[in-house]
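Below are the chains, spelled out letter by letter.
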Amino acid sequence: FRVNICKRLLSRGYYITLHGVLLIIGIIRSVYLFYDAYNVNRSFPEPISHLLLNIVLPLLTSAFIVLFMFLLYASKVHIFSLGLQRPSLAGVFIILHILLCITMDLSTGIDESMTYLPLICQSIFIILCISLGFAYLYAYKHLSKSAAVRKQDNIFGSGFTNITRPTLAVAV
């Protein structure tokens, strides 16, 4: 399996989680659109139709959260305290967000007078996307600074002070 060979790729847990979420998004959206696009023929019950239409947004944000968490982990950049920047906490947040959206979509499909509930879920999605975007820009600033420092260390030769594995090229 190629993931075990390449060390620069995502770790196995992040890789499987990210691709699993993207696969679920693809399956849900294709079943919904190929079977009965936007429930025109009423082949799905209303609650299921609302759920299949709106579940993609929380799944997309969870895929971005997983990718962003791996970026922070691989680059060793800390934009939050270490207690908040844990994969387990992100997983709990993702599950709660998806469950909240599922219950709101199902309750909207059952009772038509609750049309404001999907707006709450979409508002959470917008706030989450904006905050993730700003966090990504903040992390990018730190990543570009650390890359510039590493490049400068390599140019001026201060990279030889931290020798982890001495070789003949380093000795010469």
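Refer to the structure presented above.
Keep in mind it's a predicted model, so treat the numbers as computed, not measured.

**Q** When you look at the nonpolar core in this model, what are you seeing that I'm missing?
**A** It is characteristic of soluble globular proteins that their nonpolar side chains tend to be buried jointly. In terms of nonpolar packing, the biggest core is built from 29 residues, with I55, L59, I65, F68, L72 and I79 touching the most fellow members. Elements that contribute at least two residues to this core include exactly helix 2 (12-35), helix 3 (46-54), helix 4 (56-75), helix 5 (87-110) and helix 6 (117-156). Ranked by residue count, the leading element in this core is helix 4, at nine residues.

**Q** Please explain unusual backbone geometry as it appears in this structure.
**A** Most peptide bonds adopt trans geometry, and most residues besides glycine take a negative phi value. Here Y38, not a glycine, exhibits a phi torsion of approximately 55°, which is positive. With respect to the helices and strands, the residue Y38 is situated in the loop between helix 2 and helix 3. At N39, a position not held by glycine, the phi torsion is positive, near 55°.

**Q** When you look at the pattern of salt bridges in this model, what are you seeing that I'm missing?
**A** Applying the stated criterion across every chain, the model contains one salt bridge. E46 serves as the salt-bridge partner of R42, at 2.9 Å between the closest nitrogen and oxygen. Given a relative accessible area of 59%, R42 falls into the exposed group. With relative accessibility at 27%, the residue E46 sits in the partly exposed group.

**Q** Explanation requested: helix 5 in the structure shown.
**A** Since one α-helical turn is 3.6 residues long, residues separated by three or four positions face the same way. Between the first and last C-alpha of helix 5 there are 34 Å, a value that for 24 residues agrees with the 34 Å anticipated at 1.5 Å per step. Inspection of helix 5 places A90, I94, H97, I98, C101, M104, D105, T108 and G109 among the buried residues, and these make up the whole buried set.

**Q** How do you make sense of the packing of aromatic side chains when you look at a structure like this?
**A** Each aromatic ring pair is characterised by the separation of its centres together with the angle its planes make. Tallied over the entire structure, the rule returns eight aromatic pairs. Through a chain of ring-to-ring contacts, three or more aromatic side chains come together here, namely Y32, Y35, Y38 and F44.

**Q** Just to check I follow, could you spell out the environment of I24 for this structure?
**A** For I24, the position within the fold is in helix 2. Looking at I24, the relative accessible area reads 43%, which means it is partly exposed. Each C-alpha atom, one on I24 and one on L59, is 8.4 Å from the other, the two residues being 35 residues apart in sequence.

What counts as what
- Residues numbered from 1 in each chain as written.
- Predicted model: local features only at pLDDT ≥ 70, side-chain atom pairs only at ≥ 80, totals over all residues.
- Heavy atoms only, no water.
- Core = buried A, V, L, I, M, F, W, Y, C linked by side-chain atoms within 4.5 Å.
- Buried < 20%, exposed > 50% of the residue type's maximum accessible area, 1.4 Å probe, protein only.
- Helix = DSSP H or I, 4+ residues; strand = E, 2+ residues; numbered from the N terminus.
- Salt bridge = Lys/Arg side-chain N within 4 Å of Asp/Glu carboxyl O.
- Expected span 1.5 Å × (residues − 1).
- Phe/Tyr/Trp six-rings, centres within 6.5 Å; stacked < 30°, edge-to-face > 60°.

Bear in mind that shape data such as this cannot, by itself, settle questions of function.
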